[in-house]
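Spelled out from the first residue to the last, the chains are:
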Amino acid sequence: LGAAALTLAACGDRAAPTEVGGFAPPPALTPKAGQNVVTQTLAAAPTTVDLGGKTVSTWAYGESLPGPLIRATAGDLLRITLENRLPEASTIHWHGIRLHNAADGVPGMTQDPVKPDTSFTYEFVAPDPGTYFLHSHVGLQLDRGLYAPLIIDDPDEPGDYDAEWIVTLDDWIDGTGQTPDEVLAALTGARPSDGGGMDHGDMPMGDDGPGGMDHGGMPMGDEPWGDAGDVAYPHFLVNGRVPEAPEIFEAKPGQRVRIRLINASADTIFALALGDHDLSVTQSDGFAVEPVTVKALYLGMGERYDVVVTVKNGMFPLVARPVGKSSGGQGLAVLRTGAGEVPAPDVQVRELDEDVLIGSTLEPAETARLEDRAVDTELELAFQGSMQPYQWAINGAPYGQYTPLSIREGQRVRITATNETMMSHPLHIHGHTFALPSGLRKDTVMLAPMESFALDFDADNPGRWAAHCHNAYHQEAGMMTGIDYA
Ligand code: C2O
Ligand code: CU
């Protein structure tokens, strides 16, 4: 049955083989003695959502954005049912969780898509504590609002905090009269080719290349990301709210707050700061790092960071500035610990334009390091493509025509991931957490233009796993492949 999923012919640039039959329903899991079971239902449906005085019609898990939090403790059995009330098929992917393959939620790769008016129960154990999220893995449904935070608590480490906030970032196209699919159609079809089939991958890296495109007058500092997004979004959301009606977090001066940051956007890298607070970064994609203190950090699509903050007295903007976007605007939430004015929607945070932390430069905590061992197999994964024409691929093929990377159970695998384009791409690998050369553990890593990383992981979770760019538009235009092992 697996082979059937891979031999589908590509259909233009959009080749995601979602209409595949024949995956057996996953076997039901029986809880072990003493194992806690977390049961929840997520209904995906067309709905109306209030973004804070602005109401939009979209697709969501429930009445608000983000969808309902799912929270469990490492080792629990999660039993989550997707009820699909959408007019098209859907799935749920549990981004970052090292779960068994049949629950991974990739249509045509690990399961049949869940048809309208049917449901599917995902059962899995989440082995690693951390900050995660879930989202539809069909088409551009993520960009309509089908995402929700997913937190796995550490049974041994409750954490030394007075409060915890979950901060989910999003870019928001809906409400403009165009669906994400229409936006992608415009990118792939209506954009005129420049005639020469210009490939950004061949462009020199000078400041005036595509990376120097119109940034809408936003100060860019020494931003490393080049041309960082394709879609001009009218809104940027923090916890589902526009900056004109931001969420207000209350705390007392001196309290220690853990902030779990999730970039659930489809097409936007954010730079984030909380006024001039010191942010102590403690986790990256759920895994502990050697804490560093910064004023601001970047979050690529699909990345998560946990930071700890000792809050000051007053009123502070939490600003998420989109990077390399020409559309302007930003995401905003507010921290109130004392008197002060609520910050204006377009408030500037000085630290956002200097010394913004690039997550891949973090060092791992000792406890998060992979065991030292020799690499058994080395593979290449090259991100390729261009904006004009709008084509994205991995290792020379769009998703519908890909040849999976093949590994064997038990191997230590090294994937050399190279970005051969002038655009940045967040690489996400399913079912595993890889180590960068520093040892830093991640499941999603930002690759700047022409940047390359060696990513090591242990092949200890057999199946067919997706590896793709987490820019949803690039992914849907073909920037996805598979890693296979039996
Ligand atoms: Cu968050 Cu394959 O995705
Ligand atoms: Cu990309």
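Everything quoted here is computed from the prediction, not taken from an experiment. (Residues numbered from 1 in each chain as written. Chains lettered and ligands numbered in written order. Predicted model: local features only at pLDDT ≥ 70, side-chain atom pairs only at ≥ 80, totals over all residues. Heavy atoms only, no water.)

Q: Before we go on, may I ask you to explain the side chain of Gln330 in this structure?
A: Structurally, Gln330 is set in the loop between strand E18 (315–322) and strand E19 (331–336). For Gln330, a relative accessible area of 9% corresponds to the buried category. Of note is the side chain of Gln330, whose polar atom sits 2.9 Å from the backbone oxygen of Pro345. Of note is the side chain of Gln330, whose polar atom sits 2.9 Å from the backbone oxygen of Val347. Residues contacting Gln330, with those up to four places away along its chain left out, are Phe236, Pro243, Val319, Ala320, Arg321, Pro322, Pro345, Asp346 and Val347. (Helix = DSSP H or I, 4+ residues; strand = E, 2+ residues; numbered from the N terminus. Buried < 20%, exposed > 50% of the residue type's maximum accessible area, 1.4 Å probe, protein only. Polar contact = N/O pair within 3.5 Å; in protein donor to acceptor, adjacent residues only side chain to side chain. Contact = heavy atoms within 4.5 Å.)

Q: Any chance you could explain unusual backbone geometry here in plain terms?
A: Outside of glycine, negative phi angles account for most residues, and trans bonds account for most peptide bonds. Of note, the bond from Leu65 into Pro66 is cis; its omega dihedral lies within 30 degrees of zero at -15°. Structurally, Pro66 is set in the loop between strand E2 (55–61) and strand E3 (70–73). For the bond from Gln388 to Pro389, the omega torsion is -5°, close enough to zero to count as cis. With respect to the element layout, Pro389 can be found in the loop between strand E20 (377–386) and strand E21 (391–394). Despite not being glycine, Asp117 shows a phi value in the positive range, around 65°.

Q: Would you mind showing me how to read the sheet that holds strand E17 (residues 304–310) here?
A: Note on sheets: strands pair through backbone hydrogen bonds, and any given pair is parallel or antiparallel. Here 6 strands make up an open sheet; going across it, the order is E10-E9-E12-E17-E14-E15 and the pairing mixed. The open sheet terminates on both sides in strands that have one partner only, identified here as strand E10 (235–238) and strand E15 (287–294). Neighbour-to-neighbour, the strand axes of the sheet open up by a mean angle of 25°, direction not taken into account. (Pairing = 2+ DSSP bridges. Axes fitted to C-alpha atoms, helices over the stretch in contact; angles between N-to-C directions.)

Q: How do you make sense of the packing of aromatic side chains when you look at a structure like this?
A: The geometry of an aromatic ring pair comes down to the distance between the two centres and the angle between the two planes. Tallied over the entire structure, the rule returns 9 aromatic pairs. Judged by centre distance (5.8 Å) and plane angle (85°), the ring pair of Tyr390 and Trp392 falls under edge-to-face. Taking relative accessible area as the criterion, Tyr390 reaches 1% and is therefore assigned buried. Considering the side-chain rings of Tyr399 and Tyr402, the 5.1 Å spacing of their centres and the 10° angle between planes classify their relative orientation as stacked. (Phe/Tyr/Trp six-rings, centres within 6.5 Å; stacked < 30°, edge-to-face > 60°.)

Q: What am I meant to see in the coordination of the copper ion (ligand 2) here?
A: By definition of the ideal shapes, a tetrahedral metal site with four donors has angles of 109.5 degrees and an octahedral site with six donors has angles of 90 or 180 degrees. Coordination of the copper ion (ligand 2) by the protein comes from His425 (ND1), Cys469 (SG) and His474 (ND1), over a distance range of 2.0 to 2.1 Å. Coordination of the copper ion (ligand 2) draws on donor residues from a single chain, spaced H-x43-C-x4-H in sequence. Of this pair, His425 sits in strand E24 (residues 425–429) while Cys469 is found in strand E29 (residues 463–469), placing the two residues 44 residues apart along the sequence. (Donors = N, O, S within 2.8 Å, 3.2 Å for Na, K, Ca; no water.)

Q: Sorry, what's going on with the nonpolar core here?
A: One recurring pattern in soluble globular proteins is that nonpolar side chains are buried together. Ranked by internal contacts, the top residues of the largest apolar core, which has 114 residues, are Trp94 and Tyr473. Non-local contacts of Trp94, meaning those with residues more than four positions away in its chain, are made with Ile70, Ile80, Leu99, Ala103, Asp104, Tyr122, Phe124, Phe133, Leu134 and Leu150. Core analysis: the second largest hydrophobic core is formed by 15 residues, Trp225, Leu332, Val349 and Leu352 among them. (Core = buried A, V, L, I, M, F, W, Y, C linked by side-chain atoms within 4.5 Å.)

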